[in-house]
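Spelled out, the chains give:
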Amino acid sequence: MSKAEILEAIPKLTPEERDEIRLKLDELDDQLTGQELALIDARIAEHEANPQSAIPWEDFKKDLESKYGL
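What this report covers is the structure whose coordinates are included nearby. Keep in mind that this is a model prediction, so the values were computed, not measured.

Regarding the overall build of the protein
Right, on to step 1. Looking only at helices and strands, one finds four helices and zero strands in the protein.
Right, on to step 2. When the helices and strands of the protein are listed from N to C terminus, the series reads α-α-α-α.
Right, on to step 3. Relative to a compact globule of 70 residues, whose C-alpha radius of gyration would be 11 Å, the protein shows 21 Å and is clearly more extended.
Right, on to step 4. Buried residues in the protein amount to 0% of all 70 residues.
Right, on to step 5. Carbon and sulfur atoms form 58% of the exposed surface of the protein, whose accessible area is close to 6600 Å².
Right, on to step 6. Side chains of the protein carry 9 positive and 18 negative charges; the gap between the two charge centres is 5 Å.

Focus: the packing of aromatic side chains
Right, on to step 1. Inspection of the entire model under this criterion finds one aromatic pair.
Right, on to step 2. For the ring pair Trp 57 and Phe 60, a centre distance of 5.7 Å and an interplane angle of 45° mean the geometry is tilted. Here Phe 60 and Trp 57 lie together in helix H4 (residues 57–68), a separation of three residues that amounts to about one turn.
Right, on to step 3. Look at Trp 57 and you get exposed, because its relative accessible area is 53%.

Side note on H4
Right, on to step 1. For H4, spanning twelve residues, the distance from its first C-alpha to its last is 16 Å, which sits close to the expected 16 Å at 1.5 Å a residue.
Right, on to step 2. At the exit of H4 stands Gly 69, carrying a positive phi of roughly 65°.

Thoughts on the pattern of salt bridges
Right, on to step 1. Counting across every chain of the model gives three salt bridges.
Right, on to step 2. Of the charged contacts, one joins Arg 22 and Asp 19 as a salt bridge, the two residues approaching to 2.4 Å between their closest N and O atoms. On the criterion of helical spacing, the pair formed by Arg 22 and Asp 19 is a turn pair, its members being three residues apart in helix H2 (residues 15–29).
Right, on to step 3. On the basis of relative accessibility, which here comes to 40%, the residue Asp 19 falls in the partly exposed class.
Right, on to step 4. One salt bridge connects Glu 27 with Lys 24, and the closest N-O pair in it is separated by 3.1 Å. Residue Glu 27 and its partner Lys 24 are located together in helix H2, separated by three residues, close to a single helical turn.

What counts as what
The residue numbers shown here count from 1 along each chain, following its written sequence. The predicted origin of the model limits local features to residues at a pLDDT of at least 70 and limits the giving and counting of side-chain atom pairs to 80 or more, whereas totals for whole chains, interfaces and linings rest on all residues. Hydrogen atoms and water are omitted, and side-chain values are computed over all heavy atoms in the structure. A run of H or I in DSSP becomes a helix once it reaches four residues, and a run of E becomes a strand once it reaches two; helices and strands are each numbered from the N terminus. Throughout, radius of gyration means the C-alpha value; the globule benchmark is 2.2 Å times the number of residues raised to the power 0.38. For every residue, the accessible area obtained with a 1.4 Å probe (protein chains only) is divided by the maximum for its type, and the residue is called buried under 20%, exposed over 50%, and partly exposed between those limits. Computed with the Shrake-Rupley method and a 1.4 Å probe, the accessible areas treat only the protein chains shown as cover for residues. The sign given to each residue is positive for Lys and Arg and negative for Asp and Glu; His and the chain ends receive no count. Taken as the charge location is NZ of Lys, CZ of Arg, CG of Asp or CD of Glu. Geometry of aromatic contacts follows a simple scheme: Phe, Tyr and Trp rings, the Trp one being its six-membered ring, pair when their centres are within 6.5 Å, and the pair is stacked under 30 degrees between planes, edge-to-face over 60, tilted otherwise. Each helix should span, by expectation, one fewer than its residue count multiplied by 1.5 Å. By salt bridge we mean one thing: a side-chain nitrogen of Lys or Arg within 4 Å of a carboxyl oxygen of Asp or Glu.

The analysis is restricted to geometry; functional conclusions fall outside its scope.
Following this line, the structure appears as structure tokens:
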């Protein structure tokens, strides 16, 4: 299927089908680099080695709200 055919078919899709396509495109565009994956792995390992260094989400959220007015 050519790009022109795809673009012509999009308006004929249901909203649910277009949402599915949006999600797939986001998934393709949001792939993490090796460096980003390594950083995530390092932070997970750090947390597992020192779990008491974390704070509960609600505490963190309150800090953000008070600091930035979110």
